[in-house]
Amino acid sequence: MRKTIVFIMTLVSALTVSAQNIQLHYDFGRNIYPDEEAGRAKATITLEQFKADQWGSWFYFVDLDLSRNFMESAYTEISREFNFEKESPFAAHFEYNGGLNRFGSFQQAALVGAAYNGHTADFSKTWSVQLMYKHFFKSYEYTNAYESAQLTGVWGMNFLDNKLRFSGFIDFWRGEKVNGHGCLVILTEPQLWYNVTEHFSIGTEWEISNNFVYNTYNDKTFFINPTVAIKWNM
């Protein structure tokens, strides 16, 4: 689970200055791929927060992957946007990705680029496109610092008087294999939520990826990992 609301974007500032939620996901990946994803955590707690201000907005999320005996990892993405002008859809985007796991750390990355944010008149549909330079740092043994680029799309759509919400993101970036060869990494995480009340939602997330899952069992690179989830909107 990565940036699941990914921001409610600069547009949310027209409705509220802050939004926060906490999610609990049960992941079926290890059941679907018992060999390739034998170590995948079955439970993930995600905390997200968006906050708008006079200059733009902050967004962060933290994923906590849990097993029966350990907190396996804590991964975070933190981003800051500065609006070019008050009513402009363009913004400067700055981001940090990284975290720790039981065996060491995730490879850290810093991103900088531009975002184009949009919405319908009633804010029932929102979208964003971000094009960024991405720098990976040497974070642990067997990793190398290298340059990359990332294209990100984000969407959110409300239906049935806001009872249903379809949201998510898709990322494309240049990754690097252990042998140093480059590869195209694709990651998307569409979500569908049913809002039982103003605060409580039930739903699902589908992590669909290529060259993203760390797999030493065989040459498989494409994975689909669905979850069932609950969410509390604060």
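For clarity, every value in this text was computed on a predicted model and none was experimentally measured. (Residues numbered from 1 in each chain as written. Predicted model: local features only at pLDDT ≥ 70, side-chain atom pairs only at ≥ 80, totals over all residues. Heavy atoms only, no water.)

**Some remarks on the environment of aspartate 53**
Inclusion rule: Helix and strand definitions follow DSSP, with helices as H or I runs of at least four residues and strands as E runs of at least two, each counted in order from the N terminus. It only takes one pair of heavy atoms within 4.5 Å for two residues to be counted as in contact. Identification of polar contacts relies on pairs of N or O atoms within 3.5 Å, with a donor-acceptor requirement for protein atoms, meaning one able to donate a hydrogen and the other able to accept it, and with residues adjacent in sequence counted only if both atoms are side-chain atoms.
Considering the arrangement of structural elements, one finds aspartate 53 in the loop between β2 (43–52) and β3 (56–66). Put simply, aspartate 53 and phenylalanine 90 are 37 residues apart on the chain and 16 Å apart in space, counted from C-alpha to C-alpha. Ignoring sequence-local partners within four residues, the contact set of aspartate 53 consists of Trp58 and Arg80. Only 2.9 Å separates the side chain of aspartate 53 from the backbone nitrogen of tryptophan 55, close enough to count as a polar contact.

**As for the nonpolar core**
Inclusion rule: In these notes, a set of buried Ala, Val, Leu, Ile, Met, Phe, Trp, Tyr and Cys residues joined through side-chain atoms within 4.5 Å is what counts as a nonpolar core. Working definition: with a 1.4 Å probe on protein chains only, accessible area under 20% of the residue-type maximum means buried, over 50% means exposed, and in between means partly exposed.
Core analysis: the biggest nonpolar cluster contains 9 residues, these being Ala109, Phe136, Tyr146, Val154, Phe169, Trp173, Cys183, Val185 and Leu187. The set of elements that each furnish at least two residues to this core consists of β9 (146–159), β10 (164–176) and β11 (182–188). A per-element tally of this core places β11 first, with 3 residues. Judged by nonpolar contacts, the second largest core, of 5 residues, contains Ala52, Phe59, Phe61 and Tyr75.

**Brief notes about the environment of serine 88**
Tracing the backbone shows serine 88 in the loop between β4 (71–83) and β5 (90–101). In the structure, serine 88 is positioned 124 residues away from phenylalanine 212 in sequence and 34 Å away in space, judged by C-alpha atoms. Looking at serine 88, its side chain comes within polar contact range of the main-chain nitrogen of phenylalanine 90, at 3.1 Å.

**Focus on the side chain of asparagine 117**
Counting through the fold element by element, asparagine 117 comes out in strand β7 (residues 109–119). With a relative accessible area of 8%, asparagine 117 lands in the buried category. Looking at asparagine 117, its side chain comes within polar contact range of the side chain of serine 128, at 2.6 Å.

**Things to note about the pattern of salt bridges**
Between side chains of opposite charge, pairing is possible as soon as their charged atoms come close. Quick note on the threshold: In what follows, salt bridge is the name for a side-chain nitrogen of Lys or Arg lying within 4 Å of a carboxyl oxygen of Asp or Glu.
Following the criterion strictly, the structure yields 5 salt bridges and no others. Residue arginine 40 is joined to glutamate 37 by a salt bridge in which the shortest nitrogen-to-oxygen separation is 3.3 Å. On the basis of relative accessibility, which here comes to 3%, the residue glutamate 37 falls in the buried class. For the salt bridge of glutamate 207 with arginine 40, the shortest nitrogen-to-oxygen distance reads 3.2 Å. Within this pair, whereas glutamate 207 is found in strand β13 (residues 200–210), its partner arginine 40 is found in the loop between α1 (29–32) and β2, the two being separated by 167 residues in sequence. Considered together, glutamate 207 and arginine 40 belong to a single accessibility category, that of buried residues. Here the salt bridges share partners, and the residues they tie into one network are Asp27, Glu37, Arg40 and Glu207.

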